[in-house]
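Structural description and commentary
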Amino acid sequence: MFILSADFELLWAHRCQDDKKGRFLTAHQNRVREDIYALLSVLEQYEIPSTWAVVGHLFLDHCDKHDGVPHPHMPRFEERWYSCDPCTDIRRHPLFYGRDIVQRIIASPVENELGYHSFSHVRFSECDRVVAQAEINEGLKIASECGLTLKSFVFPQNRIGNVQVLKEHHFEIYRGPNRAGKHINKTILRRAPLYFFTHLIPPPVEAIWREGIWELPSSMKFYSASFLSALPFRAKNGIAKAIKENKIFHVFIHPEDFVANPALLDKFDQTLQFVAKKRDQSQIEVVTMGRLAESLNQTGQC
Ligand SMILES: [Zn+2]
Ligand SMILES: [Zn+2]
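What comes next concerns the included structure. (Residues numbered from 1 in each chain as written. Chains lettered and ligands numbered in written order. Predicted model: local features only at pLDDT ≥ 70, side-chain atom pairs only at ≥ 80, totals over all residues.)

Observations concerning the overall build of the protein chain
We apply this condition: The helix and strand labels rest on DSSP assignments: H or I over at least four residues marks a helix, E over at least two residues marks a strand, and numbering proceeds from the N terminus. The globule rule is 2.2 Å times the number of residues to the power 0.38, and the radius of gyration it is compared with is taken over C-alpha atoms. The exposure scheme places C-beta atoms from the backbone and then counts, for each residue, the other C-beta atoms within 10 Å of its own, assigning buried at 20 or more, exposed at 12 or fewer, and partly exposed in between.
Scanning the protein chain from terminus to terminus reveals ten helices and twelve strands. Taken against the 2.2 N^0.38 rule, which gives 19 Å for 302 residues, the C-alpha radius of gyration of the protein chain at 19 Å falls within 12% of a compact globule. If one aligns the C-alpha atoms of the protein chain with their principal axes, the spans along those axes are about 60 × 45 × 40 Å. Evaluated residue by residue, the protein chain yields a buried proportion of 39% over its 302 residues.

What to know about the environment of Lys 244
Looking at the element boundaries, Lys 244 is found in helix H7 (residues 231–245). Along the backbone, Lys 244 and Val 122 are 122 residues apart, and their C-alpha atoms lie at a distance of 38 Å.

Structural notes on H7
In plain terms, the rule: Any helix carries an expected span of 1.5 Å times its number of residues minus one. Of all possible arcs, the one meant is that of the directions from the helix axis to the C-beta atoms.
Spanning 15 residues, H7 covers 21 Å between terminal C-alpha atoms, matching the ideal 21 Å at 1.5 Å per step. Among all positions of H7, only Leu 231, Arg 234, Ala 235, Gly 238, Ile 239 and Ala 242 are buried. Projected down its long axis, H7 carries its buried residues within an arc of 130°, all on one side. Immediately beyond the C-terminal end of H7, within one or two residues, lies Asn 246, with a positive phi of roughly 55°.

Some details on unusual backbone geometry
Positive phi, close to 50°, is recorded for Cys 87, a residue that is not glycine. Tracing the backbone through its elements, the reader meets Cys 87 in the loop between strand S4 (69–70) and helix H3 (99–107). One non-glycine residue, His 170, lies in the positive phi region at around 65°.

Let's talk about the pairing of strand S1 (residues 2–8)
In the case of a regular strand, side chains alternate between the two sheet surfaces. Counted only if it meets this: Strand pairing is assigned whenever DSSP identifies at least 2 bridges connecting the two strands.
Burial runs high along S1: seven of the seven residues are buried. Of the two faces of S1, the one carrying Phe 2, Leu 4, Ala 6 and Phe 8 and the one carrying Ile 3, Ser 5 and Asp 7 are both buried. With five bridges connecting them, S1 and strand S11 (residues 249–253) associate as parallel partners. Residue pairing in the sheet places Leu 4 in a bridge with Val 251 of S11. With two bridges joining them, S1 and strand S12 (residues 286–287) adopt parallel strand pairing. Residue pairing across strands places Phe 2 opposite Val 286, the latter belonging to S12. In the sheet, S1 pairs with strand S2 (residues 51–54) via four bridges, with the strands oriented parallel. What sits directly across from Ala 6, in S2, is Trp 52.

Some points on helix H9 (residues 264–280)
Given a rise of 1.5 Å per residue, 17 residues ought to cover 24 Å, and the 24 Å separating the end C-alpha atoms of H9 matches this to within 8%. Looking at H9, one finds that the buried residues are Leu 264, Lys 267, Phe 268, Thr 271, Leu 272, Val 275 and Lys 278. For H9, the arc enclosing every buried residue in end-on projection is 130°, short of the 170-degree limit, so these residues lie on one face. Away from its buried face by more than 90 degrees, H9 exposes Lys 277 and Asp 280. Just downstream of H9 lies Ser 282, where phi reads positive at about 60°.

Observations concerning the packing of H7 against H9
Operational definition: For every element, the axis is a line fit to its C-alpha atoms; helices are fit only across the contacting stretch, and the angle between N-to-C directions ranges from 0 to 180 degrees. Working rule for angles: under 35 degrees goes down as roughly parallel, over 145 as roughly antiparallel, 65 to 115 as roughly perpendicular, anything else as oblique. If you view the pair so one helix is near and one far, a crossing is left-handed when the near helix is turned anticlockwise from the far one by less than a right angle, and right-handed when it is turned clockwise. Here, residues touch in the contact sense if the C-beta positions derived from the backbone fall within 7 Å of one another. Residue classes follow a fixed rule: Ala, Val, Leu, Ile, Met, Phe, Trp, Tyr, Cys and Pro count as nonpolar, while Asp, Glu, Lys and Arg count as charged, and any other residue, Gly among them, counts as polar.
For the pair H7 and H9, the least separation of the axes is 9 Å and the interaxial angle reads 20°. With respect to H9, the axis of H7 lies roughly parallel. The chirality of how H7 crosses H9 is right-handed. Contact with H7, carried on its side by Leu 231, Pro 232, Ala 235, Lys 236, Ile 239 and Ile 243, involves Lys 267, Gln 270, Thr 271, Phe 274, Val 275 and Lys 278 of H9 and no other residues of that element. Taken together, the residues of the contact of H7 with H9 sort by class into seven nonpolar, two polar and three charged.

Description of the environment of Phe 268
Residue position: Phe 268 is located in helix H9. Taking the C-alpha atoms as reference, Phe 268 lies 9.3 Å from Leu 43; in sequence the two are 225 residues apart.

Describing the packing of helix H2 (residues 32–45) against H9
It is the contact of H2 with H9, at a shortest axis distance of 10 Å, that shows an interaxial angle of 15°. Considered as vectors, H2 and H9 are oriented roughly parallel to each other. Pair H2 / H9 crosses with right-handed handedness. Contacts from Ala 38, Leu 39, Val 42 and Leu 43 of H2 reach H9 at Leu 265, Phe 268, Asp 269 and Leu 272. Residues belonging to the contact of H2 with H9 are distributed by class as follows: seven nonpolar, no polar and one charged.

Considerations on the environment of Lys 141
Within the secondary structure, Lys 141 is located in helix H4 (residues 129–145). Sequence-wise, Lys 141 and Gly 56 are 85 residues apart; in three dimensions their C-alpha atoms are separated by 9.7 Å.

Here you go:
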């Protein structure tokens, strides 16, 4: 199987614009939508459905302060957590609201899935249960007003925590650790060769049952600060291995990376072309995280 998940956050991961990417996105905010729609068009061209894990605030097209306080009913992860929220609307601050993009994702001719990425990009590994519950409840409430059911979750910064809260709110699957990541839990001696091999051939993965919810690790992040041109080669190696081992190749992207790096779209196009070819030869199936969970829940096996 081939699965693609996207962490869709616009400025919420960089919301105070105090890092390079946040400053870049803000400076180029007029072309952010154009670039994200170009990415969606490539996915449509190859008929590849994907799971878009959306930051809940992006379901909105505006928000207001109440007695001078943004989102007063939301418990704070940190004291000034909402200090960057402009509390205006999509026209004045297009990187804090994304209802138009969410609608475009849903309206796509391919059957995309809307997943969830917390309401305000809180690190679930560090927040307490009260904050985690509020982050989940707020997104589910807004999504249900839009007629959507969310059942797939991606943790902000991929930091896993409060999994029990996801189970209680009937999420069925979340994205687990990146198997081609930095292997920080390994010793330095093990880390270097592992890093090399998992980058050359990103590892296929399998879903793991976590007593009430599925964890699906990822095979690779489709981005590299210094080796963009190697991405299709690496992804093709991983896909070939997944076919051979009858496993899943799970890629994740940050759509905002396609704004900051225009050359990335061509590399992604080459990879999707390969995926579509293998699918048309009936060698792989392309599904979303939600569809995978659905079929695992029916069959009980990967
Ligand atoms: Zn707000
Ligand atoms: Zn994120």
